[in-house]
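# Descriptive structure summary
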Amino acid sequence: MSEMEAVTKKLELTRHQVSSMPPSTIYIPDFITPEEEEQLLNKIRTAPLPRWAQLSRRRLQTWPSSLSSSNTLLAAPLPAWLHDPIIPRLESQTGIFMDSPHGAPNHVLINEYAPGQGIMPHEDGAAYHPVVATVSLGAAIVLDIYQKRETGEREIEPTYRILQEPRSLLITTDEMYTKHLHGIQEITADRDLGPKTISNWDLLGHQIAFTDGQNERQVRTSLTYRDVLKVSKLGSKMKIFGNR
Ligand SMILES: O=C(O)CCC(=O)C(=O)O
Ligand SMILES: [Fe+2]
(Lines give C-alpha, C1' and ligand atoms only; values in the text may rest on other atoms or scores of the structure.)
(Ligands and ions follow the chains in the order given, each with its own letter.)
Protein backbone atom coordinates (compact mmCIF):
# COMPACT_ATOMS: atom_id res chain seq x y z
CA MET A 1 0.00 0.00 0.00
CA SER A 2 1.35 3.46 -0.87
CA GLU A 3 1.60 6.15 1.79
CA MET A 4 -1.17 8.06 0.03
CA GLU A 5 -3.48 5.03 0.19
CA ALA A 6 -2.67 4.58 3.87
CA VAL A 7 -3.56 8.21 4.59
CA THR A 8 -6.83 7.92 2.64
CA LYS A 9 -7.77 4.80 4.56
CA LYS A 10 -7.10 6.51 7.89
CA LEU A 11 -9.32 9.42 6.80
CA GLU A 12 -12.13 7.08 5.82
CA LEU A 13 -11.84 5.35 9.16
CA THR A 14 -12.39 8.59 11.09
CA ARG A 15 -15.99 8.37 9.89
CA HIS A 16 -16.37 5.32 12.12
CA GLN A 17 -14.59 6.77 15.13
CA VAL A 18 -16.63 6.79 18.31
CA SER A 19 -16.56 10.55 18.78
CA SER A 20 -17.33 10.62 22.50
CA MET A 21 -14.31 8.43 23.25
CA PRO A 22 -10.53 8.80 22.94
CA PRO A 23 -9.62 8.58 19.22
CA SER A 24 -8.75 4.91 19.43
CA THR A 25 -12.14 3.24 19.14
CA ILE A 26 -13.69 2.38 15.80
CA TYR A 27 -17.16 0.88 15.27
CA ILE A 28 -18.32 -0.38 11.87
CA PRO A 29 -21.84 -1.85 11.66
CA ASP A 30 -22.61 -4.58 9.10
CA PHE A 31 -18.94 -5.39 8.62
CA ILE A 32 -19.99 -8.87 7.48
CA THR A 33 -23.17 -10.03 5.71
CA PRO A 34 -25.89 -12.23 7.29
CA GLU A 35 -24.71 -15.10 5.04
CA GLU A 36 -21.13 -14.74 6.25
CA GLU A 37 -22.38 -14.57 9.82
CA GLU A 38 -24.34 -17.80 9.37
CA GLN A 39 -21.36 -19.57 7.81
CA LEU A 40 -19.10 -18.55 10.68
CA LEU A 41 -21.65 -19.65 13.29
CA ASN A 42 -21.94 -23.00 11.50
CA LYS A 43 -18.19 -23.53 11.60
CA ILE A 44 -18.11 -22.64 15.29
CA ARG A 45 -21.04 -24.95 16.08
CA THR A 46 -19.57 -27.88 14.20
CA ALA A 47 -16.08 -27.58 15.66
CA PRO A 48 -15.19 -30.75 17.62
CA LEU A 49 -16.46 -30.48 21.19
CA PRO A 50 -12.95 -30.58 22.76
CA ARG A 51 -12.30 -27.28 20.98
CA TRP A 52 -14.52 -25.62 23.59
CA ALA A 53 -13.18 -24.67 26.98
CA GLN A 54 -16.13 -24.42 29.36
CA LEU A 55 -15.42 -21.48 31.66
CA SER A 56 -17.64 -20.64 34.60
CA ARG A 57 -19.50 -17.86 32.81
CA ARG A 58 -18.97 -18.53 29.07
CA ARG A 59 -17.51 -20.94 26.52
CA LEU A 60 -14.26 -20.30 24.66
CA GLN A 61 -12.46 -21.60 21.56
CA THR A 62 -8.85 -20.59 20.95
CA TRP A 63 -7.38 -20.63 17.43
CA PRO A 64 -4.93 -21.83 16.26
CA SER A 65 -4.00 -22.78 19.86
CA SER A 66 -3.58 -21.44 23.40
CA LEU A 67 -0.50 -19.44 24.27
CA SER A 68 2.26 -21.08 26.30
CA SER A 69 2.96 -19.98 29.88
CA SER A 70 5.47 -17.48 28.49
CA ASN A 71 2.73 -16.02 26.23
CA THR A 72 4.22 -17.60 23.12
CA LEU A 73 2.15 -18.81 20.19
CA LEU A 74 3.28 -21.90 18.36
CA ALA A 75 3.37 -20.78 14.71
CA ALA A 76 0.39 -22.17 12.81
CA PRO A 77 -1.97 -20.70 10.22
CA LEU A 78 -5.50 -19.77 11.21
CA PRO A 79 -8.11 -22.03 9.61
CA ALA A 80 -9.37 -20.71 6.27
CA TRP A 81 -12.84 -19.90 7.64
CA LEU A 82 -11.36 -17.55 10.27
CA HIS A 83 -9.10 -15.99 7.67
CA ASP A 84 -11.64 -15.27 4.93
CA PRO A 85 -13.45 -12.99 4.57
CA ILE A 86 -12.50 -11.13 7.74
CA ILE A 87 -8.72 -10.71 7.58
CA PRO A 88 -8.55 -9.40 3.98
CA ARG A 89 -11.46 -7.08 4.78
CA LEU A 90 -9.73 -5.79 7.92
CA GLU A 91 -6.74 -5.09 5.73
CA SER A 92 -8.60 -3.36 2.90
CA GLN A 93 -11.08 -1.39 5.02
CA THR A 94 -9.12 -0.53 8.13
CA GLY A 95 -5.40 -1.23 7.78
CA ILE A 96 -5.28 -1.45 11.58
CA PHE A 97 -2.78 -4.31 11.70
CA MET A 98 -0.50 -2.59 9.22
CA ASP A 99 1.98 -1.54 11.92
CA SER A 100 1.68 -4.65 14.07
CA PRO A 101 4.73 -6.97 14.31
CA HIS A 102 3.34 -9.62 11.96
CA GLY A 103 1.29 -7.22 9.85
CA ALA A 104 -1.87 -9.27 10.43
CA PRO A 105 -3.69 -11.04 13.25
CA ASN A 106 -2.36 -14.50 14.06
CA HIS A 107 -4.74 -15.45 16.88
CA VAL A 108 -8.51 -15.58 17.39
CA LEU A 109 -10.53 -16.15 20.56
CA ILE A 110 -14.15 -17.19 20.13
CA ASN A 111 -16.29 -16.32 23.16
CA GLU A 112 -19.88 -17.51 23.43
CA TYR A 113 -22.22 -15.92 25.97
CA ALA A 114 -25.66 -17.29 26.77
CA PRO A 115 -28.15 -14.84 28.31
CA GLY A 116 -26.98 -14.06 31.85
CA GLN A 117 -23.35 -14.75 31.01
CA GLY A 118 -20.52 -12.25 30.63
CA ILE A 119 -16.87 -11.54 31.26
CA MET A 120 -15.38 -9.80 34.30
CA PRO A 121 -13.70 -6.45 33.70
CA HIS A 122 -10.14 -7.16 32.61
CA GLU A 123 -7.26 -6.01 30.44
CA ASP A 124 -6.04 -8.06 27.50
CA GLY A 125 -2.45 -7.69 28.62
CA ALA A 126 1.06 -7.73 27.28
CA ALA A 127 0.97 -10.89 25.16
CA TYR A 128 -0.58 -8.99 22.26
CA HIS A 129 0.10 -5.99 20.10
CA PRO A 130 -2.35 -3.38 21.47
CA VAL A 131 -5.01 -3.70 18.77
CA VAL A 132 -8.12 -5.85 19.12
CA ALA A 133 -10.66 -6.38 16.35
CA THR A 134 -13.94 -7.88 17.56
CA VAL A 135 -16.57 -9.24 15.18
CA SER A 136 -19.93 -9.95 16.84
CA LEU A 137 -22.22 -12.78 15.76
CA GLY A 138 -25.76 -13.85 16.55
CA ALA A 139 -27.03 -11.08 18.80
CA ALA A 140 -26.25 -7.71 20.35
CA ILE A 141 -24.48 -7.15 23.66
CA VAL A 142 -23.15 -4.18 25.61
CA LEU A 143 -19.42 -3.96 26.33
CA ASP A 144 -18.60 -1.82 29.37
CA ILE A 145 -15.37 0.11 29.44
CA TYR A 146 -13.87 1.22 32.74
CA GLN A 147 -11.16 3.78 33.24
CA LYS A 148 -8.10 2.67 35.18
CA ARG A 149 -7.03 4.96 37.99
CA GLU A 150 -3.40 5.95 38.56
CA THR A 151 -3.31 3.30 41.26
CA GLY A 152 -4.28 0.63 38.76
CA GLU A 153 -7.74 0.09 40.26
CA ARG A 154 -10.72 0.49 38.01
CA GLU A 155 -13.57 2.95 38.36
CA ILE A 156 -16.72 1.29 39.74
CA GLU A 157 -19.03 2.52 37.00
CA PRO A 158 -18.19 2.15 33.31
CA THR A 159 -17.03 5.34 31.62
CA TYR A 160 -18.22 4.15 28.22
CA ARG A 161 -20.78 1.62 27.02
CA ILE A 162 -20.49 0.20 23.52
CA LEU A 163 -23.47 -1.54 21.96
CA GLN A 164 -22.08 -4.26 19.72
CA GLU A 165 -24.62 -5.25 17.09
CA PRO A 166 -24.45 -8.63 15.36
CA ARG A 167 -22.14 -8.51 12.29
CA SER A 168 -20.43 -5.36 13.57
CA LEU A 169 -16.72 -4.74 13.94
CA LEU A 170 -15.28 -3.00 17.01
CA ILE A 171 -11.64 -1.97 17.07
CA THR A 172 -9.90 -0.88 20.26
CA THR A 173 -6.31 0.33 20.29
CA ASP A 174 -3.83 2.49 22.14
CA GLU A 175 -5.11 3.99 25.36
CA MET A 176 -8.43 2.16 25.10
CA TYR A 177 -6.30 -0.95 25.28
CA THR A 178 -3.73 0.17 27.82
CA LYS A 179 -5.57 2.56 30.17
CA HIS A 180 -8.96 0.90 30.44
CA LEU A 181 -10.58 -2.38 31.40
CA HIS A 182 -13.50 -3.97 29.59
CA GLY A 183 -16.19 -6.39 30.59
CA ILE A 184 -19.67 -7.71 29.84
CA GLN A 185 -22.25 -7.80 32.62
CA GLU A 186 -23.84 -11.09 33.60
CA ILE A 187 -27.41 -10.03 32.94
CA THR A 188 -30.32 -11.21 30.78
CA ALA A 189 -31.08 -7.80 29.25
CA ASP A 190 -29.07 -4.67 28.56
CA ARG A 191 -31.15 -1.70 29.68
CA ASP A 192 -31.14 2.08 29.51
CA LEU A 193 -29.85 2.15 25.93
CA GLY A 194 -29.96 5.51 24.19
CA PRO A 195 -27.95 8.39 22.77
CA LYS A 196 -26.92 9.59 26.25
CA THR A 197 -25.77 6.23 27.56
CA ILE A 198 -24.35 4.40 24.56
CA SER A 199 -21.09 5.86 23.25
CA ASN A 200 -21.52 4.54 19.70
CA TRP A 201 -25.27 5.27 19.41
CA ASP A 202 -24.83 7.50 16.34
CA LEU A 203 -22.78 4.84 14.57
CA LEU A 204 -25.26 1.98 15.03
CA GLY A 205 -26.49 0.30 11.86
CA HIS A 206 -29.92 -0.60 13.26
CA GLN A 207 -30.79 1.94 15.96
CA ILE A 208 -34.43 1.13 15.40
CA ALA A 209 -33.97 -2.26 17.05
CA PHE A 210 -33.23 -0.54 20.36
CA THR A 211 -35.73 2.32 20.44
CA ASP A 212 -37.36 0.81 23.55
CA GLY A 213 -33.98 1.17 25.26
CA GLN A 214 -33.64 -2.58 25.85
CA ASN A 215 -31.71 -5.48 24.44
CA GLU A 216 -32.96 -8.88 25.58
CA ARG A 217 -29.85 -11.02 25.51
CA GLN A 218 -29.65 -13.99 23.18
CA VAL A 219 -26.66 -16.22 22.51
CA ARG A 220 -23.93 -13.88 21.33
CA THR A 221 -20.61 -15.03 19.96
CA SER A 222 -17.54 -12.87 19.43
CA LEU A 223 -14.41 -13.36 17.39
CA THR A 224 -11.49 -11.35 18.74
CA TYR A 225 -8.59 -11.01 16.34
CA ARG A 226 -5.15 -10.15 17.73
CA ASP A 227 -1.47 -10.25 16.86
CA VAL A 228 0.45 -12.30 19.45
CA LEU A 229 3.89 -10.73 19.82
CA LYS A 230 5.94 -13.87 20.51
CA VAL A 231 5.68 -16.66 17.97
CA SER A 232 7.87 -19.75 17.99
CA LYS A 233 8.34 -22.16 15.15
CA LEU A 234 8.38 -25.82 16.10
CA GLY A 235 11.49 -26.21 13.96
CA SER A 236 13.46 -23.63 15.90
CA LYS A 237 12.40 -25.26 19.18
CA MET A 238 13.76 -28.59 17.92
CA LYS A 239 17.01 -26.86 17.13
CA ILE A 240 17.24 -25.58 20.68
CA PHE A 241 16.82 -29.15 21.90
CA GLY A 242 19.37 -30.35 19.35
CA ASN A 243 21.90 -27.84 20.61
CA ARG A 244 21.69 -28.93 24.19
O1 LIG B 1 -16.73 -10.85 23.74
C2 LIG B 1 -16.23 -9.72 23.76
O3 LIG B 1 -16.69 -8.78 23.09
C4 LIG B 1 -15.04 -9.45 24.65
C5 LIG B 1 -14.11 -10.60 24.77
C6 LIG B 1 -12.87 -10.25 25.52
O7 LIG B 1 -12.79 -9.26 26.17
C8 LIG B 1 -11.69 -11.12 25.45
O9 LIG B 1 -11.77 -12.22 24.89
O10 LIG B 1 -10.64 -10.72 25.98
FE1 LIG C 1 -10.74 -8.79 26.62
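Up top you'll find the structure we're talking about.
Residues numbered from 1 in each chain as written. Chains lettered and ligands numbered in written order. Predicted model: local features only at pLDDT ≥ 70, side-chain atom pairs only at ≥ 80, totals over all residues. Heavy atoms only, no water.

Distances from the iron ion (ligand 2) to its protein donors, namely His122 (NE2), Asp124 (OD) and His182 (NE2), fall within the range 2.1 to 2.2 Å. Donor residues for the iron ion (ligand 2) sit on one chain with the sequence pattern H-x1-D-x57-H. One end of the pair, His122, is in strand β6 (residues 119-122); the other, His182, is in strand β11 (residues 180-184), with 60 residues separating them in the sequence. (Donors = N, O, S within 2.8 Å, 3.2 Å for Na, K, Ca; no water. Helix = DSSP H or I, 4+ residues; strand = E, 2+ residues; numbered from the N terminus.)

Next up on the list: the pairing of strand β1 (residues 25-28). Of the two faces of β1, the one carrying Thr25 and Tyr27 and the one carrying Ile26 and Ile28 are both buried. By the bridge criterion, four bridges tie β1 to strand β10 (residues 169-173) in an arrangement that is antiparallel. Opposite Ile26, over in β10, you have Ile171 as the bridge partner. (Buried < 20%, exposed > 50% of the residue type's maximum accessible area, 1.4 Å probe, protein only. Pairing = 2+ DSSP bridges.)

In the vicinity of ligand 1 there are 13 residues, among which Asn111, Tyr113, Arg220, Ser222 and Arg226 approach most closely. Arg220 is positioned such that a nitrogen or oxygen atom in its side chain is 2.7 Å from an oxygen atom of ligand 1. Protein contact buries 94% of the 290 Å² of open area that ligand 1 shows by itself. Taken together, the elements giving at least two residues each to the shell around ligand 1 come down to β5 (107-113), β6, β11 and β14 (220-226). Split into classes, the residues belonging to the shell around ligand 1 amount to four nonpolar, six polar and three charged. (Near = heavy atom within 4 Å. Polar contact = N/O pair within 3.5 Å; in protein donor to acceptor, adjacent residues only side chain to side chain. Areas by Shrake-Rupley, 256 points an atom, 1.4 Å probe, with all protein chains shown as cover. Nonpolar A, V, L, I, M, F, W, Y, C, P; charged D, E, K, R; others polar.)

Taken as a whole and assessed by the stated rule, the structure comprises one aromatic pair. Taking the centre distance of 5.5 Å and the plane angle of 80° together, the rings of Trp63 and Trp81 count as edge-to-face. Of this pair, Trp63 sits in strand β3 (residues 59-63) while Trp81 sits in helix α3 (residues 80-83), and the two are 18 residues apart along the sequence. Each member of the pair, Trp63 as well as Trp81, carries the same accessibility label: buried. Sitting over the ring of Trp63, Arg51 keeps its end group 3.5 Å from the ring centre. Across from the ring centre of Tyr146, 4.5 Å away, lies the NZ or CZ of Arg154, which sits over that ring. (Phe/Tyr/Trp six-rings, centres within 6.5 Å; stacked < 30°, edge-to-face > 60°. Lys NZ or Arg CZ within 6 Å of the ring centre and 35° of its normal.)

A cis geometry characterises the amide bond from Trp63 onward to Pro64, with omega recorded as -5°. You can see Pro64 is positioned in the loop between β3 and β4 (72-74). That bond from Asp84 to Pro85 is cis: its omega, 5°, falls within 30 degrees of zero. Locating Pro85 in the fold gives a position in the loop between α3 and α4 (86-93). Although it is not a glycine, Asn71 adopts a positive phi angle of roughly 60°. Counting through the fold element by element, Asn71 comes out in the loop between β3 and β4. Non-glycine residue Asp192 carries a positive phi angle of around 60°. Mapping Asp192 onto the fold places it in the loop between β12 (189-190) and β13 (215-216). Here Asp192 falls in the exposed class, since its relative accessible area comes to 56%.

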